[in-house]
Amino acid sequence: MSTRTTVGIVGAGPAGLVLGSALLRAGIDCVVLEQRSREYVEKRTRAGLIEHRTVETLRALGLADRLLAEGARHTSCQFCFAGQRFSVDYGALTGGAAHVVYPQQFLVRDLISSFLALGGDLRFDTPVTGLREGHNLVLGNGTQLNCAFVAGADGYHGPIRATLPAGAVREYHRQYPYRWITILAAAPPSTTETTYAAHQDGFAGHMLRTAQVSRFYLQCAPTDTSDDWPEERIWKELHRRLTLDEGSVLTEGPVIDKGLLDMHTFVCEPMRIGDIFLLGDAAHVITPAGGKGMNLAIGDAAALAEAIAAHLHHGDSRRLEGFSPTRLARIWQAQQFSDWLLRLINTSPVGDDPEFDYRLRTARLAELCTRSDVAGWFAENYVGPMGVTR
Ligand SMILES: Cc1cc2nc3c(=O)[nH]c(=O)nc-3n(C[C@H](O)[C@H](O)[C@H](O)COP(=O)(O)OP(=O)(O)OC[C@H]3O[C@@H](n4cnc5c(N)ncnc54)[C@H](O)[C@@H]3O)c2cc1C
């Protein structure tokens, strides 16, 4: 096994795998190091909403065949509030932009097989424990990998950000007072649109995944634990808060996975420190509202691969220099949208009069429902950037 590489990539999530494939395609050698087993990362269920620009990025890299064949195209979503229900046809409002719904674990599986088919060096069960002299990744077995560039695609808890010298980056954090119960159920979708229910007693969401599996979110009290929400209570509350189309019923199914999500966001600035780059969740975490996290991670990876290729092949380092400011502008844009959506759909557990907050949110939803300029703004943010910026 090589002890030197041009780009050492820590983490085989969407960010690390897209970066690896894009570099190999550009003729740049790299090694991807992943602490978990292949089986574990291929089964890790998370995101499912893939933006049109992300699909284009993956298609250009030859990584979208299966997602285009098996994913479902979606162009509208639905809001329920105060006994009303309305759809936003974001496809029509943006001139045809669509999401593809395709579970993250399927995409990760596809990315792994593409990377290996390109002859890529992908090492599972290989934790990185540190970084020496800025260029030597220290592996769990004590060996080192010397890299010209280091890409920390190692998620929020990964080691690369932690190894940076004190003061090298500034982290911005926000803890929202919202907590969600999240379940993945073997239940076919009960609606054809991603559904956001801004119920007076808390948010309920119905997210689409496959023809057999759906993800649901339920806002709970900030002090609740998973034990407070047995399956029976979850389904009862979903039935109550989700106002589905007339005549349709919420289909229940066995719960495959259940968890608790605290709404925490963070952004790390800058995303480049010398020859070390942070990307994806290692550099920024966003709440699930709006489904941006995986899309931002893939956007970072594609931009970094292009920047490294321009530098190595043409001696043009402008993209490397622009990587952090360009990506951060996009990331803060996504953060502001996620913040807006989060406040719109969640009941605020703080404040002296929850009724006041509910009426404000109802007025905002009514604007989204009736004003084309507000719906247009929502649509552009929801589908992701329309231009060349990822
Ligand atoms: C319940 C849920 C729902 C979500 N829904 C959406 C959605 O609808 N749309 C969306 O866009 N996003 C969504 N997200 C967010 C999305 O899943 C993440 O933003 C995305 O996984 C980020 O990709 P990444 O490659 O940066 O990080 P990760 O996928 O976290 O990958 C990082 C990798 O680094 C590895 N690693 C960590 N430490 C080490 C180490 N020391 N050595 C080696 N490897 C290491 C990890 O094992 C992991 O495989 C959701 C997240 C959750 C939890």
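Anything mentioned here points back to the structure above.
J.: So what exactly am I meant to see when it comes to the sheet that holds strand E19 (residues 284-285) here?
T.: Sheets are built from strands that pair by backbone hydrogen bonding, the pairs being arranged parallel or antiparallel. If you walk across this open sheet you meet the eight strands as E6-E5-E13-E14-E15-E12-E16-E19, and the pairing is mixed. Two strands close off the open sheet at either side, each with one partner strand: strand E6 (84-88) and E19. Where strand E5 (residues 77-81) and strand E13 (residues 194-199) come together, four bridges link them in parallel fashion. Within E13, the residue paired with Cys-77 across the bridge is Thr-194. Strands strand E12 (170-185), E13, strand E14 (202-208), strand E15 (214-220) and strand E16 (255-269) of the sheet are contacted by helix H8 (residues 231-241), whose axis makes an angle of about 90 degrees with E15.

J.: Help me understand the pairing of E5 in this model?
T.: Regular strands have side chains that alternate between both faces of the sheet. Burial within E5 is extensive, with five of its five residues counted as buried. Burial along E5 is two-sided: Cys-77, Phe-79 and Phe-81 facing one way and Gln-78 and Cys-80 facing the other are all buried. The hairpin turn running from E5 into E6, its antiparallel successor, is two residues long, and Ala-82 in that turn takes a positive phi close to 45 degrees.

J.: So what exactly am I meant to see when it comes to the environment of Ala-12 here?
T.: Looking at the element boundaries, Ala-12 is found in the loop between strand E1 (4-10) and helix H1 (14-25). Between the C-alpha atoms of Ala-12 and Arg-59, which are 47 residues apart in sequence, the distance is 19 Å. Excluding anything up to four places from it in sequence, Ala-12 contacts Leu-17, Val-32, Leu-33, Glu-34, Val-41, Val-108 and Leu-122.

J.: Is there a simple way to think about the pairing of E1 in this case?
T.: By the criterion of burial, E1 is predominantly enclosed, with six of the seven residues buried. Where E1 lies against strand E11 (residues 144-152), six bridges are found, and the strand directions are parallel. Of the residues in E11, the one forming a bridge with Gly-8 is Val-150. Examined bridge by bridge, E1 and strand E2 (residues 30-33) share four bridges and lie parallel to one another. Following the sheet pairing, Val-7 is matched in E2 by Cys-30. As for the winding sense of the linkage, the β-α-β connection from E1 through H1 to E2 is right-handed.

J.: Can you help me understand the packing of helix H10 (residues 318-345) against helix H11 (residues 354-370) in this one?
T.: Describing two packed helices takes the angle between their axes plus the distance from one axis to the other. Closest axis-to-axis distance for the H10/H11 pair is 9 Å, and the angle between their directions is 120 degrees. In terms of orientation, H10 lies oblique with respect to H11. Across the interface between the two elements, Trp-340, Arg-343, Leu-344 and Ile-345 from H10 touch Arg-361, Arg-364, Leu-365 and Leu-368 from H11.

J.: What exactly am I supposed to notice about unusual backbone geometry here?
T.: Leaving glycine aside, a negative phi is the common case for residues, and trans is the common case for peptide bonds. Here the amide bond leading from Glu-269 into Pro-270 is cis, since omega sits at -10 degrees, within 30 degrees of zero. Along the chain, Pro-270 turns up in the loop between E16 and strand E17 (272-273). Phi angles above zero are rare outside glycine, and Ala-82 is one such case at about 45 degrees. As for its placement among the helices and strands, Ala-82 is situated in the loop between E5 and E6. The backbone phi angle of Glu-133 is positive, close to 50 degrees, even though this residue is not glycine. Here Glu-133 is to be found in the loop between strand E9 (128-132) and strand E10 (136-139). Overall, the relative accessible area of 69% leaves Glu-133 in the exposed class.

J.: Got a minute to help me understand the pattern of salt bridges in this structure?
T.: Between side chains of opposite charge, a pair can form when the charged atoms approach closely. Applying the stated criterion across every chain yields a total of 21 salt bridges. The shortest N-O distance in the salt bridge between Lys-43 and Glu-39 comes to 3.1 Å. Here the residue Lys-43 and the residue Glu-39 both occupy positions in helix H2 (residues 38-43), the gap between them amounting to four residues, near one helical turn. Like Lys-43, the residue Glu-39 is exposed in the burial classification. With a closest N to O distance of 2.7 Å, Asp-201 and Arg-240 form a salt bridge. With Asp-201 in the loop between E13 and E14 and Arg-240 in helix H8, this pair connects stretches of sequence that are 39 residues apart.

J.: Mind showing me how you'd approach the side chain of Ser-214 here?
T.: With respect to the helices, strands and loops of the structure, Ser-214 is situated in strand E15. A polar side-chain atom of Ser-214 sits 2.7 Å from the main-chain carbonyl oxygen of Ala-187. Every residue in contact with Ser-214, bar those within four places of it in the chain, is listed here: Ile-183, Leu-184, Ala-185, Ala-187, Pro-188, Pro-189, His-206 and Met-207.

J.: Would you explain the site of the ligand in this entry?
T.: Lining the immediate surroundings of the ligand are 36 residues, of which Glu-34, Arg-44, Gln-104, Asp-281 and Met-294 lie closest. Within the side chain of Gln-104, one N or O atom sits 2.8 Å away from an oxygen atom of the ligand. Within the backbone of Gly-291, a nitrogen or oxygen atom sits 3.0 Å from an oxygen atom of the ligand. When the ligand is considered free in solution it has 1,000 Å² of accessible area, and contact with the protein chains removes 89% of it. If you list the elements that add at least two residues to the shell around the ligand, you get H1, E15 and helix H9 (293-314). Per-element tally for the shell around the ligand: the top contributor is H9, with four residues. Among the residues forming the shell around the ligand, the class breakdown is 15 nonpolar, twelve polar and nine charged.

The rules behind the values
Residues numbered from 1 in each chain as written. Predicted model: local features only at pLDDT ≥ 70, side-chain atom pairs only at ≥ 80, totals over all residues. Heavy atoms only, no water. Pairing = 2+ DSSP bridges. Helix = DSSP H or I, 4+ residues; strand = E, 2+ residues; numbered from the N terminus. Contact = heavy atoms within 4.5 Å. Axes fitted to C-alpha atoms, helices over the stretch in contact; angles between N-to-C directions. Buried < 20%, exposed > 50% of the residue type's maximum accessible area, 1.4 Å probe, protein only. Right-handed = clockwise from strand over helix to strand, strands pointing away. Parallel < 35°, antiparallel > 145°, perpendicular 65-115°, else oblique. Salt bridge = Lys/Arg side-chain N within 4 Å of Asp/Glu carboxyl O. Polar contact = N/O pair within 3.5 Å; in protein donor to acceptor, adjacent residues only side chain to side chain. Near = heavy atom within 4 Å. Areas by Shrake-Rupley, 256 points an atom, 1.4 Å probe, with all protein chains shown as cover. Nonpolar A, V, L, I, M, F, W, Y, C, P; charged D, E, K, R; others polar.

Keep in mind these values describe shape, not function.
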